[in-house]
Amino acid sequence: FTAKRERTAVEIYREEIDRRTPARLSLLGSLRKSLEAEELTVHFQPKVDLVTSTVIGAEALARWQHPVHGWVSPADFIQLAEESGLIKQLTDQILTSSVRTLSGWHAAGHLLSVAVNLSTHDLLDEGLPKRIANLLERYEVEARFLTLEITESALLADTPRTKGTIERLDQLGVRMSLDDFGTGYSSLGYLRRLPVAELKVDQSFVKNLLLDEQDAVIVKSTIDLGHNLGLQVVAEGIENMPILTRLQELGCDIAQGYGISRPLAPEQFGTWLATTDYAVAGSSSSSLWA
Ligand code: C2E
Ligand code: MG
Ligand code: MG
Ligand code: MG
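Residues numbered from 1 in each chain as written. Chains lettered and ligands numbered in written order. Predicted model: local features only at pLDDT ≥ 70, side-chain atom pairs only at ≥ 80, totals over all residues. Heavy atoms only, no water.

Caption draft 1: Structural detail: the coordination of the magnesium ion (ligand 3). Taken together, D179 (OD), D180 (OD), E236 (OE) and E236 (OE) make up the full set of protein donors to the magnesium ion (ligand 3), lying 2.0 to 2.6 Å away. If you look at the magnesium ion (ligand 3) and the magnesium ion (ligand 2), they sit 4.1 Å from each other and are both ligated by D179. With D179 in strand β6 (residues 175–181) and E236 in the loop between β8 (232–235) and α11 (241–249), this pair connects stretches of sequence that are 57 residues apart. Judged by its relative accessible area of 6%, D179 falls in the buried class. Judged by relative accessible area, which is 6%, E236 ranks as buried. (Donors = N, O, S within 2.8 Å, 3.2 Å for Na, K, Ca; no water. Helix = DSSP H or I, 4+ residues; strand = E, 2+ residues; numbered from the N terminus. Buried < 20%, exposed > 50% of the residue type's maximum accessible area, 1.4 Å probe, protein only.)

Right, here's the structure in full:
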C-alpha cells in the first residue's frame, strides 16, 4: 500500500512538471508582463459584403511580440492564457482596444463593425456582458456594431452558465457569430438553441473550394443551411479572386481572407480603407462626390 501511494505521488508530481516546463513558465511570465504593460496589439482584417462589394467591418486579431522570440502565434498564446487564468485580462484588453478603434472609424465617417473572438472561458464569465455594456457606453458605440465570434468547442461546455452569458450578450444587442463552422460537433443543435446571427464557414473548406468536390458541397450546403435559418454567412480564408467569385455565385454574404487583405495594424487599416477599390460602409458620399 505504501509503495502504491508513493508511486501515485510521483506520478502526480511528474504531471505537474510536465505542465510547468521551464520554457512554458518563462513564456507565461512574459505574457503576464506584457498584459500588465498592455503591450498586446490588435490587427484588423477587412470583411467585405459580396453583394454590394462594400467593406462592412473587420475582425480583430490579437498580436503579441515576445521580447526575445518575436511574434508568437495567437493559437499558442491564447491557449496559454486560457490555461493559466490570464484570458479574462487578455479578452478585456482586446475588446477595449477594438471598441476604441471602432469609435475612431465611426468618428471618421466609416460605419463599420468589429468582430472580436471570445474563448471558452469568456463564456463562463458571468461578468462579461456588463463589462461589454460599460465599454460600449464609454466609447459611445451602438451594440449592433460589435460582433462576438465564438467557436463550437467553446459551446461544448454547454452549461446553463454559457447559455446565460450568450443570452445576456444578445439582449445587449451585440451580434453573435459561430466561428470555424463545420469543424466541431453537433453544430445544428446549437444553431437552433442559441441566438446566433452569423456563421463563418471554416477556412479549411474554403481553401479547396475549387479543387475538392466534397469541400465544395460542404461550403454550398453550409451557405444554404445558414440562409434557411435566417443567418448571414461569412467565408473566411479566401486567398484568391477565383474563390471569391465562386462564393459570390453560391450566394455567400460576406468575404474575408488574404485575397482581400491580410490582417492590418490600425494605421495600415486606415490607409487600406482610403485606397481600396471597395466602397466603405457609411462613406459612400465621399466616393459619389469625389
Ligand atoms: P480565427 O478567429 O478563425 O481567425 C482567422 C485566422 O485565419 C487568423 O489567424 C487570420 O489571420 C487567418 N486568416 C485570415 N485569412 C486567411 C487566408 O486567406 N488564409 C489563411 N491561411 N489564413 C487566413 P490568426 O490571427 O493567426 O488567429 C488564429 C486564431 O487565434 C483565430 O482564428 C482565433 O481563434 C484565435 N484568436 C486570435 N485573436 C484572438 C483573440 O483576441 N481572442 C481569442 N479568444 N482568440 C483569438
Ligand atoms: Mg474568428
Ligand atoms: Mg475562424
Ligand atoms: Mg480558425
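Resuming the write-up.
Caption draft 2: Just the packing of helix α5 (residues 128–138) against helix α7 (residues 160–172), in detail. Close contact between α5 and α7 brings their axes to 9 Å; oriented N to C, the two are set at 20°. Here α5 is positioned roughly parallel relative to α7, judged by the angle of their axes. Note on packing geometry: the crossing formed by α5 with α7 is right-handed. For the pair α5 and α7, contact is made by L128, P129, I132 and A133 and by T165, R168, L169 and L172, respectively. Counted by class, the contact of α5 with α7 contains 6 nonpolar, 1 polar and 1 charged residues. (Axes fitted to C-alpha atoms, helices over the stretch in contact; angles between N-to-C directions. Parallel < 35°, antiparallel > 145°, perpendicular 65-115°, else oblique. Left-handed = near helix turned anticlockwise from the far one by under 90°. Contact = heavy atoms within 4.5 Å. Nonpolar A, V, L, I, M, F, W, Y, C, P; charged D, E, K, R; others polar.)

Caption draft 3: Seen up close, the pattern of salt bridges. Enumeration according to the criterion identifies 12 salt bridges in this entry. K200 is the partner of E149 in a salt bridge, and the nearest nitrogen-oxygen pair spans 2.8 Å. Taken as a pair, E149 in strand β5 (residues 146–151) and K200 in strand β7 (residues 198–201) lie far apart in primary sequence, 51 residues in all. By the burial criterion, E149 is buried, and K200 matches it. The shortest N-O distance in the salt bridge between K163 and E167 comes to 3.2 Å. (Salt bridge = Lys/Arg side-chain N within 4 Å of Asp/Glu carboxyl O.)

Caption draft 4: Up close: α5. What α5 keeps buried is the set L128, P129, I132, L135 and L136. Each buried residue of α5 lies within a common arc of 120° when the element is viewed along its axis, so the set occupies one face. Opposite its buried face, α5 presents the exposed residues K130, E137 and R138, each directed more than 90 degrees away. The secondary structure elements touched by the buried residues of α5 are α4 (87–107), β5 and α7. Within two residues after α5, E140 carries a phi angle of roughly 50°, on the positive side. (Arc of directions from axis to C-beta.)

Caption draft 5: Region of the structure containing the site of ligand 1. Contacts to ligand 1 come from 22 residues, most closely from R63, D179, Q203, E239 and Y258. Interatomic distance of 3.4 Å between a side-chain N/O atom of E236 and an oxygen atom of ligand 1. Between Y258 and ligand 1, the recorded distance is 2.8 Å, taken from a backbone N or O atom to an oxygen atom. Here ligand 1 loses 83% of its free accessible area of 800 Å² to cover by the protein chains. (Near = heavy atom within 4 Å. Polar contact = N/O pair within 3.5 Å; in protein donor to acceptor, adjacent residues only side chain to side chain. Areas by Shrake-Rupley, 256 points an atom, 1.4 Å probe, with all protein chains shown as cover.)

Caption draft 6: Focus on the packing of aromatic side chains. Counted according to the given criterion, the structure contains 5 aromatic pairs. Taking the centre distance of 6.2 Å and the plane angle of 55° together, the rings of F44 and F269 count as tilted. Placement of F44 in strand β1 (residues 41–49) and of F269 in helix α12 (residues 266–275) is noted, with a sequence separation of 225 residues between them. On the accessibility criterion, F44 (0% relative accessible area) is buried. (Phe/Tyr/Trp six-rings, centres within 6.5 Å; stacked < 30°, edge-to-face > 60°.)

Caption draft 7: Molecular detail of the environment of S103. Here S103 lies in helix α4. Taking the relative accessible area as the measure of exposure, S103 reaches 19% and is therefore buried. A sequence separation of 130 residues divides S103 from V233, and the C-alpha atoms of the two residues are 25 Å apart. Not counting the four nearest positions on each side in its chain, S103 is found in contact with Y139 and V141.

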